[in-house]
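Breakdown of the fold
The residues making up each chain are set out below.
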Amino acid sequence: MTRFAKSALAALISLCTPLATSLGFTQAVHAADLSVYSDEDSGVCGEAWVLNKITSRFSYQVRHVPHLPDVAITDFRRIHQHRYLPASEQWPIGRRYCGATVALSDGRDRTIWYLIEEGQGFASIGDNVEFCVAGFDRWMVYNGRCRVLR
């Protein structure tokens with residue numbers, strides 16, 4: 001990388017940091033984020049940033065997908081990790097498959113399946129979360145009954 005490109009990248013990062021902080025994107029990236037997690041570390045599925053991202057995206061989904069009931073996620077229960085595929089030479093992205101039961105604002109409980117992809121966040125910074133709430137995948141994005149994320 002040329003000296004100009006390095007300085008331009010550094011300037012861009014320094015300009016974006018205050019903006020990201022003011023918008024609430026305060027998740028820091030540490031060297032430990034690049035390490036491989038062990039199977040015993042199932043706490044990632046229940047971290048606040050993961051559950052907040054799911055809650056926010058679910059709220060957006062019920063407002064913008066036709067014929068979905070206007071409900072919100074009020075609580076997560078029985079959070080568990082049921083599969084972990086670590087990053088390797090053949091599979092460069094580590095994936096955690098998680099499940100839980102969500103309580104909705106209409107009083108019903110639904111099963112939720114979600115996937116945390118390591119290093120696949122915006123611009124490859126942080127992790128990405130994909131989720132599927134049973135009965136809310138109207139366009140079959142995750143196949144029937146959220147099969148893709150199970």
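Below or above, wherever it landed, is the structure these notes cover. All values reported here derive from a predicted model rather than from experimental measurement. (Residues numbered from 1 in each chain as written. Predicted model: local features only at pLDDT ≥ 70, side-chain atom pairs only at ≥ 80, totals over all residues. Heavy atoms only, no water.)

1. Side note on the overall build of the protein chain
What counts, and what does not: Strands are runs of DSSP state E lasting at least two residues, helices are runs of H or I lasting at least four, and both sets are numbered from the N terminus onward. The classification of residues rests on relative accessible area computed with a 1.4 Å probe and restricted to protein chains. Under 20% of the type maximum is buried, over 50% is exposed, and intermediate values are partly exposed. Contact between two residues is taken to exist if any of their heavy atoms lie within 4.5 Å; hydrogens are not considered.
Helix and strand content of the protein chain: two helices and four strands. Each helix and strand of the protein chain, ordered N terminal to C terminal, gives the series α-α-β-β-β-β. Taking all 150 residues of the protein chain together, the buried fraction comes to 32%. Here the contacts in the protein chain between residues at least 6 apart in sequence split such that 46% fall between residues at least 24 apart.

2. As for the side chain of E118
Note the cut-off: Pairs of N or O atoms within 3.5 Å make up the polar contacts considered here, provided that, within protein, one atom can donate a hydrogen while the other can accept it, and that residues adjacent in sequence are counted only when both atoms are side-chain atoms.
Looking at the secondary structure, you find E118 in the loop between β3 (109-117) and β4 (128-133). Side-chain polar atoms of E118 contact the side chain of Y84, separated by 3.3 Å.

3. Concerning the pattern of salt bridges
In plain terms, the rule: Any carboxyl oxygen of Asp or Glu that lies within 4 Å of a side-chain nitrogen of Lys or Arg is treated as forming a salt bridge with it.
For the coordinates displayed, the defined rule picks out three salt bridges. One salt bridge connects R77 with D109, and the closest N-O pair in it is separated by 3.0 Å. Placement of R77 in strand β1 (residues 73-85) and of D109 in strand β3 is noted, with a sequence separation of 32 residues between them. The partner of R95 in a salt bridge is E117, with the nearest N and O atoms 3.2 Å apart. Pair noted here: R95 is in strand β2 (residues 95-104) and E117 is in strand β3, with a separation of 22 residues, a long-range link. Both residues of the pair, R95 and E117, count as buried. Residues joined by salt bridges that share partners form a network here, namely D75, R77 and D109.

4. Quick look at the sheet that holds β3
Note the threshold: Two strands are counted as paired when DSSP detects at least two bridges linking them. Here the axes come from fitting lines to C-alpha atoms, over the contacting stretch only for helices, and the angles between their N-to-C directions go from 0 to 180 degrees.
Read across the open sheet, the four strands follow the order β1-β2-β3-β4; overall the sheet is antiparallel. Either end of the sheet is taken by a strand with one partner, and the two such strands are β1 and β4. Neighbouring strand axes in the sheet, compared pairwise and without regard to direction, differ in orientation by 25 degrees on average. Set on the sheet, helix α2 (residues 48-64) makes contact with β1, β2, β3 and β4; between it and β4 the angle comes to about 55 degrees.

5. Details of unusual backbone geometry
A positive phi is found at R78, a non-glycine position, where the angle reads about 50 degrees. When you line up the elements, R78 lands in strand β1. With a relative accessible area of 64%, R78 lands in the exposed category. You will see that R145, though not glycine, has its phi angle at about 55 degrees, which is positive. Residue placement: R145 occurs in the segment after β4.

6. Some words on the packing of aromatic side chains
Each pair of aromatic rings is reported with the distance of its centres and the angle of its planes. Which entries qualify depends on this criterion: Each Phe, Tyr or Trp ring (for Trp, its six-membered ring) is paired with any other whose centre lies within 6.5 Å, and the angle between the two planes then decides the class: stacked below 30 degrees, edge-to-face above 60, tilted in between. For a ring to carry a charge above it, either NZ of a lysine or CZ of an arginine must fall within 6 Å of the ring centroid while also lying within 35 degrees of the normal to the ring plane.
Under the counting rule described, the total for this entry stands at one aromatic pair. The residue whose ring lies beneath R83 is Y97, and the NZ or CZ to ring-centre distance is 4.0 Å. Geometry around Y84 places R96 over its ring, the cationic atom sitting 4.3 Å from the centre.

7. Structural notes on the state of the cysteines
Note on terminology: a disulfide is the covalent bond linking the sulfur atoms of two cysteines. For clarity, the cut-off: Note that a disulfide, as used here, is simply two cysteine sulfur atoms within 2.5 Å.
Taken as a whole, this structure holds two disulfides when the rule is applied. Between the sulfur atoms of C45 and its disulfide mate C98 the distance is 1.9 Å. Between C45 and C98 the sulfur-sulfur dihedral comes to about -60 degrees; the bridge is accordingly left-handed. Placement of C45 in the loop between α1 (3-22) and α2 and of C98 in strand β2 is noted, with a sequence separation of 53 residues between them. C98 gets classed as buried once you look at its relative accessible area, which sits at 0%. What pairs with C132 in a disulfide is C146, and their sulfur atoms sit 2.0 Å apart. Negative torsions about the S-S bond denote left-handed disulfides, and the value of about -65 degrees found for C132 with C146 makes this one left-handed. You can see C132 sitting in strand β4 and its partner C146 sitting in the segment after β4, a full 14 residues away along the chain. By the burial criterion, C132 is buried, and C146 matches it. Each disulfide in the protein chain links cysteines that, numbered along the sequence, combine into the pattern 1-2, 3-4.

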